[in-house]
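Listed below, chain by chain, are the residues.
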Amino acid sequence: MECEEKKFLQAVELLKQGEVVAFPTETVYGLGACIFYEEAVQKIFSIKKRPSDNPLIAHIGSLSDVAKLAIDIPDAFYTLSSAFWPGPLTIVLKKHPAVPALVSAGHPTMAIRMPDHPLALRLIQAVGEPLVAPSANLSGRPSPTQASDVKEDLAGRLPLVLDGGECSIGIESTVVSLIDPIPTLLRPGSISQAQLESVLKCPIRLASEKDPACSPGMKHRHYAPRARVQVVLYPERPSTSASYLISSEPLFSALVFNRRNFYSRLREADRLGAEEITIYCGPSVQQDAGLMNRILRSAGLL
Ligand code: TXA
Ligand code: MG
């Protein structure tokens, strides 16, 4: 523990000096840098080989940080942040001109979230500025849900990975845009469309791929293991000869998956050299829009 505390203090120093550090959040591990330090933000893109047209999320440690990042903040923002922050919800607002254009990939908008993880919150507060943090994987790979996943992808490419154990949620945050008068769901996650609508007391719309407001990151291939992925949806049944089968129901495979361990199941299959992964989705998984989105994307079906 003492060792982790030492690493925490090192992480704070490294971030203040413009370095990049990986840290845990409740969703997935993030690759953090100080938002106002352009060289550090640039390092994030090169370390994870991220396309420069994919904007980053700012992670804040206190609500007052929003004023440094966004302008013309609508009432719906306060409704959502008081209901869901700290937590797995990212809110897109109009960008403050002081935020480097690199952060938002040139868009006039800014994605912001307050993570619900004690280590992440302490880190942001100790650095004293919001941190941008994409998921700490190589671009395109499954997101990391434990420190060893970060090292698997990025060992030698960054000076420090803070270990906070396994992430409790396991898929990335829900992203909602408040740029238009009708809120738009850009990326489904563990906070559902129905939960957002019930708090906002208004319908929200789903972004389509052709939508200019669409989350730019959603067009890139994502969350994919090296193995080919095949998806089998209930009421279809997986073939008994499926080579590497992961299943939402124990009936078909001992390799049961859920939201929390889905990405680590994909990584395990890669480590074992599987050429093909079959993912069986029972009825309840099919109701989980966030998880289904990641499953279909991992197979290249979305
Ligand atoms: O749970 C999460 O959100 C994790 C943890 C580390 O917080 N972070 C994460 O970041 O998933 P990343 O960079 O892997 O995904 C960010 C998503 C991308 O799809 C990106 O296009 C979208 O958010 N995004 C970021 N800024 C945006 C903006 N200004 N407008 C629309 N979409 C934006
Ligand atoms: Mg990502």
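As the structure is a computational prediction, the values presented were derived from the model and not from experiment.

Visitor: Hey, could you run me through the packing of helix H4 (residues 75-84) against helix H7 (residues 193-200) in this one?
Guide: For any two helices packed against each other, one specifies the inter-axial angle together with the distance between the axes. With their axes 10 Å apart at the nearest point, H4 and H7 run at an angle of 120° to one another. In terms of orientation, H4 lies oblique with respect to H7. For the pair H4 and H7, the sense of crossing is right-handed. Each of Ala76, Thr79, Leu80, Ala83 and Phe84 in H4 lies in contact with H7, whose residues at this interface are Gln195, Leu196, Val199 and Leu200. Each residue belonging to the contact of H4 with H7 can be placed in one class, and the counts come to seven nonpolar, two polar and no charged.

Visitor: What am I meant to see in the packing of helix H8 (residues 262-271) against helix H10 (residues 289-298) here?
Guide: Taken N-terminus to C-terminus, the directions of H8 and H10 make an angle of 20°; their axes are 11 Å apart at the nearest point. In terms of orientation, H8 lies roughly parallel with respect to H10. Viewed along their axes, H8 and H10 form a crossing whose handedness is right-handed. Listed contacts from H10 to Phe262, Tyr263 and Leu266 of H8 are Leu291, Arg294, Ile295 and Ser298. Counted by class, the contact of H8 with H10 contains five nonpolar, one polar and one charged residues.

Visitor: How do you make sense of the sheet that holds strand E13 (residues 245-247) when you look at a structure like this?
Guide: Picture the strands of a sheet paired through backbone hydrogen bonds; they go either parallel or antiparallel. Ordered in space as E12-E14-E13, the three strands form an open sheet in which the pairing is parallel. Each of the sheet's edge strands pairs with one partner strand only, and the pair in question is strand E12 (228-233) and E13. The average angle at which neighbouring strand axes cross in this sheet is 20°, direction not considered. Summarising the sheet, E13 and strand E14 (residues 276-281) pair through three bridges and their orientation is parallel. Residue pairing for E14: Ile246 is matched across the bridge by Ile279. Each of E13 and E14 is contacted by H8, which is oriented at about 155° to E14, the strand it contacts most.

Visitor: When you look at the domain arrangement of the protein in this model, what are you seeing that I'm missing?
Guide: By convention, interface size is frequently given as the accessible area that disappears when the constituent parts associate. Domain assignment breaks the protein into domain 1 (2-206) and domain 2 (228-298). Measuring from the centre of the C-alpha atoms in domain 1 to the corresponding centre in domain 2 gives 27 Å. Facing 23 residues of domain 1, the contacting portion of domain 2 comprises 13 residues. The contact between domain 1 and domain 2 buries some 1,500 Å² in all, and 46% of this surface belongs to carbon and sulfur atoms. In terms of surface lost to domain 2, no three residues of domain 1 exceed Pro142, Ile171 and Pro188, which account for 33% of the buried area on that side. Our enumeration of links across domain 1 and domain 2 arrives at six salt bridges. Counting residues per element, the side of domain 1 that touches domain 2 draws most heavily on helix H6 (residues 147-154), which supplies three residues. The class makeup of the residues in the side of domain 1 that touches domain 2 is seven nonpolar, nine polar and seven charged.

The rules behind the values
- Residues numbered from 1 in each chain as written.
- Chains lettered and ligands numbered in written order.
- Predicted model: local features only at pLDDT ≥ 70, side-chain atom pairs only at ≥ 80, totals over all residues.
- Heavy atoms only, no water.
- Axes fitted to C-alpha atoms, helices over the stretch in contact; angles between N-to-C directions.
- Helix = DSSP H or I, 4+ residues; strand = E, 2+ residues; numbered from the N terminus.
- Parallel < 35°, antiparallel > 145°, perpendicular 65-115°, else oblique.
- Left-handed = near helix turned anticlockwise from the far one by under 90°.
- Contact = heavy atoms within 4.5 Å.
- Nonpolar A, V, L, I, M, F, W, Y, C, P; charged D, E, K, R; others polar.
- Pairing = 2+ DSSP bridges.
- Domains from an automatic or database assignment.
- Buried area = accessible area lost by both parts, 1.4 Å probe.
- Salt bridge = Lys/Arg side-chain N within 4 Å of Asp/Glu carboxyl O.

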